[in-house]
Amino acid sequence: MRLSGRHRIVPYLFIAPWIVGFLAFTLFPATFSLWMSMFDWGIVGDRTFIGFDNYIRMFGDDTFYLAMSNTVRYALILVPLSVGLSLGLAVLLSRDVRGVGLFKTAFYLPTLLTGVALAIVWGWILADRGVLNFFIASLGGEPVRWLTDPGSAMWAMVLTTCFGQGAQMLIFLSALKNVPAELYEAATIDGAGPFRKFGRITLPMIGPAIVFNTIISIIAAFQQITVVLNLTGGGPDKATYFYSLFVYENAFRRGDLGYAASNAWIMLIAVLVLTLVFLRLSRRWSYYEV
Amino acid sequence: MSRTIQRSTRQVSRYVVLVAVAVVLIFPFYWAFISSVKPASEQAAYPPSFWPSSFEWSNYADAWNSQPFTRFFLNSVLVTTLSVLGVTFSSAVVAYGFARFEFRGKKALFTLLLATMIIPWDVLVVPLYMQYSFLGWINTYLPLIVPSYFGAPFYIFLLTQFLRTIPRDLEEAAMLDGAGHFRTFTSIFLPLMRPQLVLTAILHTIVVWNDFLGPLVFLNDTDLFTLPIGLSFFKSSQLIDTTSMLCISMVMVVPPLIAFFLGQRQILGNEAGSGLKG
């Protein structure tokens, strides 16, 4: 609706809550954080302006490199895996078989177990003498020290957080439903097999959903802290010491607020870069210009 | 003849795959639940038992009473209710503004709204802490509740998408009848948005109910703790047996589970988006 005269203010009144909230809880703190990142800012005592020293300090901080490489590695494994798996689940559900509603419910349910409770349940499943190792042993495999071996803790995190991708799955499901059936019919007449149809029709048509889910999971991977704190605590031997944990500890355990602010800004830049690189790459195969 | 056989084999294999995947996905739930009711002697048994010799429901009472969980539970209920009410209503108001009006700067503002979703919490948390501390909000529920009353980008986006599908003559008819803008919104659009509002409320219930970081940063008093914090502290105390932790974890899943079953149709998309066509 287009309004004139004194009524022109009306739309702004409706969006006013968000504008106020954006200013107070996003723009102001984000700007303030950028400002803080230029300071040696402790919880008590003097605040000294130090320019870009916090950023330079990161280059010499081994913990920064460790946290960043752990997180990037985690994201590189988790993001394709979770996007792929949730797409697979959505494809399974997109066929109209009898009782599909029941399966939809079953596939979505793991999403309800999240956060601290998820970490506790998986801590129990992944224990050295836990049920997963029991399954592995009964299939003739070697038990894995999921949570106590630095080499496998990353996989424990990936496995745990992979469960509960129900929201992604639903986004794919609705995208799949929107692919026009005529396209498949035409392809069938042309003699295309199921894999060809998937590659040539389905993937390009659901491109925007893939892009959306990928970006959402990159952001989530970088912000991962709740499960890692409660499952591995960043260990063993800092093998799962993620970037968010690094920022959190600098801010709230060490009280090194200026440094923590600069850490957080580097994280924002990393997420932004990854997102833009991905958007760029996705132009090649996504049907829509994004 | 062979064709029908081929078709029914495909049908059967499809079900086999669906059932297998469902079993894998549900297993963590099953395992956590079964483990939570096992007698203590069976808990550490190896090979593990997949069905307990007896159901020890008292495990739940023991776990619940070992910490002030009733308190944590009520705190969680309070925070979740107030936050969900706020975010649902305010997001609907803002979405209405974006979806149903033409105004200057609309496109730029909407892009800005979407762009804010990329800002990690890590960037905001320290300044927010100082801001709340300045306002005297630390160790109260205000930091967990107040920001919800200013709309949340993801839900605003979700509701905007829906509101755009409603034909435009609708509010014009209402305005002819003499209703103001806000009354048109509350009496015509809010009822129409019911399924999408339910969806928003449920998605947000799951988020706030499980929120760990917010309460961890902004609350200090044990009396004010919510369930996730209580559960996490319980875990790190090391004295506690796994059974008790699993019991509390299972209790934590119950409210999201109820919310899910109440709004199943909206969440699973059997109905959502179809609100009003033509």
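Above: the structure in question.
Residues numbered from 1 in each chain as written. Chains lettered and ligands numbered in written order. Predicted model: local features only at pLDDT ≥ 70, side-chain atom pairs only at ≥ 80, totals over all residues. Heavy atoms only, no water.

K.L.:
How would you sum up the overall build of chain A? Please name residues and give values.
P.N.:
The helix and strand tally for chain A stands at 14 helices and two strands. With respect to the three principal axes, the spread of C-alpha positions in chain A is 75 × 75 × 35 Å. Residues classed as buried in chain A amount to 53% of the 290 residues present. Long-range contacts, defined here as pairs at least 24 residues apart, represent 66% of the contacts in chain A between residues at least 6 apart. When the accessible surface of chain A is split by element, carbon and sulfur atoms take 65% of a total near 13,800 Å². (Helix = DSSP H or I, 4+ residues; strand = E, 2+ residues; numbered from the N terminus. Buried < 20%, exposed > 50% of the residue type's maximum accessible area, 1.4 Å probe, protein only. Contact = heavy atoms within 4.5 Å. Areas by Shrake-Rupley, 256 points an atom, 1.4 Å probe, with all protein chains shown as cover.)

K.L.:
I'd like a rundown of the layout of surface pockets, residues and numbers included.
P.N.:
Residues and elements named next belong to chain A. There is about 760 Å³ of room inside the second largest pocket. Every residue lining the second largest pocket is counted, 18 residues in all, and those nearest its centre are Val91, Ser94, Arg95, Tyr184 and Thr202. No other element matches helix H10 (residues 194-205), which puts five residues into the lining of the second largest pocket. Grouping the amino acids of the lining of the second largest pocket by side-chain chemistry returns nine nonpolar, three polar and six charged. (1 Å grid on protein atoms, 1.4 Å probe; cavity = no way out; pocket = protein on both sides within 12 Å on 5 of 7 lines; lining within 4 Å. Points joined across faces, edges and corners; volume = space filled by probe spheres on them. Nonpolar A, V, L, I, M, F, W, Y, C, P; charged D, E, K, R; others polar.)

K.L.:
Please give an account of the pattern of salt bridges that cites residues and values.
P.N.:
Any two side chains of opposite charge can pair, on the condition that their charged atoms come close. Residues and elements named next belong to chain A. Overall, the coordinates contain four salt bridges over all chains when judged by the stated rule. Of the charged contacts, one joins Glu249 and Arg253 as a salt bridge, the two residues approaching to 2.8 Å between their closest N and O atoms. You can see Glu249 and its partner Arg253 sitting in helix H13 (residues 243-253), four residues apart, about one turn around the helix. Residue class for Glu249 comes out buried when judged on its relative accessible area of 16%. We note a salt bridge from Arg254 to Glu249, for which the minimum N-O separation is 3.9 Å. What emerges from the salt-bridge pattern is a single network uniting Glu249, Arg253 and Arg254. (Salt bridge = Lys/Arg side-chain N within 4 Å of Asp/Glu carboxyl O.)

K.L.:
Lay out the interface of chain A and chain B with the relevant residues and their values.
P.N.:
With 79 residues of chain A at the contact, the number on the chain B side is 92 residues. Here chain A meets chain B over a buried area of about 7,700 Å², counting both sides, of which 79% is carbon and sulfur. Per-residue buried area on chain A facing chain B is highest for Met1, Phe14 and Trp18 of chain A; these three make up 13% of the total on that side. On the surface where chain A and chain B come into contact, there are zero salt bridges. On inspection of chain A and its partner chain B, the count reaches nine residue pairs in polar contact (both at pLDDT 80 or more). The dominant element in the side of chain A that touches chain B, judged by the number of residues it contributes, is helix H1 (residues 10-36) of chain A, at 20 residues. (Buried area = accessible area lost by both parts, 1.4 Å probe. Polar contact = N/O pair within 3.5 Å; in protein donor to acceptor, adjacent residues only side chain to side chain.)

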